[in-house]
Amino acid sequence: MNSLPPTPFTDAADTWNRRFEAEAYCFGTEPNAWLREHAGVWQPGQRVLCVADGEGRNSVWLAGQGLRVDAFDVASVGVAKARALAEKNGVSVNFSVTDCDAYLWPQSAYDGVAAIFVQFADPAMRERLFAHIKHCLKPGGTLLLQGYTPKQLDYKTGGPPQVTHLYTEAMLREAFADFEVIELHEYEAELTEGDHHHGRSALIGLVARRR
Ligand SMILES: C[S@@+](CC[C@H](N)C(=O)[O-])C[C@H]1O[C@@H](n2cnc3c(N)ncnc32)[C@H](O)[C@@H]1O
C-alpha cells in the first residue's frame, strides 16, 4: 500500500513530542503577551479552557490568576512538562492529552477559551476547531486568540510555513461574525516566547464574546 510520509500535521503527536523532548521549554514558561494583556476579561473563579496548551505556560499562569483551568494538548511530552510547571508554581490545572478533534468538548461550559498559536490546524480542521470553541463557551464567555498573519512568512520567527494556516483580520471577522468582536488587530512585535517564537513577528490578536 502506498502511503505518504508523515508530516508535522499528519502525525502531530510524534512531531510535537520530539520538539518537547528538550529540557528547555520551547515557548518559555511565561504566558503569551496577548493573553497576559487581555486576561482581565475573566474574573477569578471563572472556568477557562486552554486549547493546545503545549508545555503549560498559559494554563499555569491563568491558574495562578485564580481561574479554574482545563487544558489539553496532543503531545504527552508537552503535557508532562506542563504538569511539572503547575507543580513548581503550586497551582492546579486539569490537563488532558488529546487531539483537538477528539477532545470531549462540553457545551456552553466555559467563561473563557485561550487559543494561543493553534495554527497547526489547516482550513478544514480550523473550521471544526472554531465551531467547538464557539459551542463550548457560555453565552457571554470570551475567546482570546493569538496567531500569525501571512506576513510572518517573511519573518520566519515562528509558526507554520503554510499560508493557509495563517489568519487575516478579514478571515477572523468572518469566522466570528456571530460573536461580538471586542478587539481584532494585526500588528507587529518583537516576541521573546522561548526559542520557537523569537524575534520580529507579524501577529494578530482577537478578543471576541459569545452573544
Ligand atoms: C505553537 S504550539 C503552542 C503551544 C501553546 N498554545 C503555547 O502558546 O505555548 C502548538 C501546540 O499545538 C499542539 N497540537 C498540534 N496539533 C494538535 C492537535 N491536532 N490537537 C491538539 N493539539 C495539537 C502541539 O502539541 C503544540 O503544543
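Everything numeric in this text was worked out from a predicted model, so none of it was measured. (Residues numbered from 1 in each chain as written. Predicted model: local features only at pLDDT ≥ 70, side-chain atom pairs only at ≥ 80, totals over all residues. Heavy atoms only, no water.)

A. Up close: the sheet that holds strand β4 (residues 110-116). Taken together, the 7 strands give an open sheet; going across it, the order is β3-β2-β1-β4-β5-β7-β6, and neighbouring strands pair in mixed fashion. Edge positions in the sheet fall to β3 (94-97) and β6 (179-193), since each of these pairs with one other strand and no more. Between one strand and the next, the sheet's axes are offset by a mean angle of 15°, whatever the strand orientation. By the bridge criterion, 4 bridges tie strand β2 (residues 68-73) to β3 in an arrangement that is parallel. In the sheet register, F72 faces β3, and the bridge partner there is S96. Sheet strands touched by helix α4 (residues 76-89): β2 and β3. Its angle to β3, the strand with the most contacts, is close to 165°. (Pairing = 2+ DSSP bridges. Helix = DSSP H or I, 4+ residues; strand = E, 2+ residues; numbered from the N terminus. Axes fitted to C-alpha atoms, helices over the stretch in contact; angles between N-to-C directions. Contact = heavy atoms within 4.5 Å.)

B. Fine view of the site of the ligand. Near the ligand lie 19 residues; those nearest to it are A52, R57, D73, C100 and I116. In the model, a nitrogen atom of the ligand is placed 2.7 Å from a nitrogen or oxygen of the A52 main chain. Between the ligand and the protein, one listed contact pairs an oxygen atom with a side-chain N or O atom of R57 at 2.7 Å. In isolation the ligand has 590 Å² of accessible area, and contact with the protein removes 96% of it. Going through the elements one at a time, α1 (12-20) and α3 (57-64) are the ones with two or more residues in the shell around the ligand. Looking at the shell around the ligand element by element, the count peaks at 3 residues for α1. The residue makeup of the shell around the ligand, split by class, is 12 nonpolar, 3 polar and 4 charged. (Near = heavy atom within 4 Å. Polar contact = N/O pair within 3.5 Å; in protein donor to acceptor, adjacent residues only side chain to side chain. Areas by Shrake-Rupley, 256 points an atom, 1.4 Å probe, with all protein chains shown as cover. Nonpolar A, V, L, I, M, F, W, Y, C, P; charged D, E, K, R; others polar.)

Just geometry here; none of it tells us what the structure is for.
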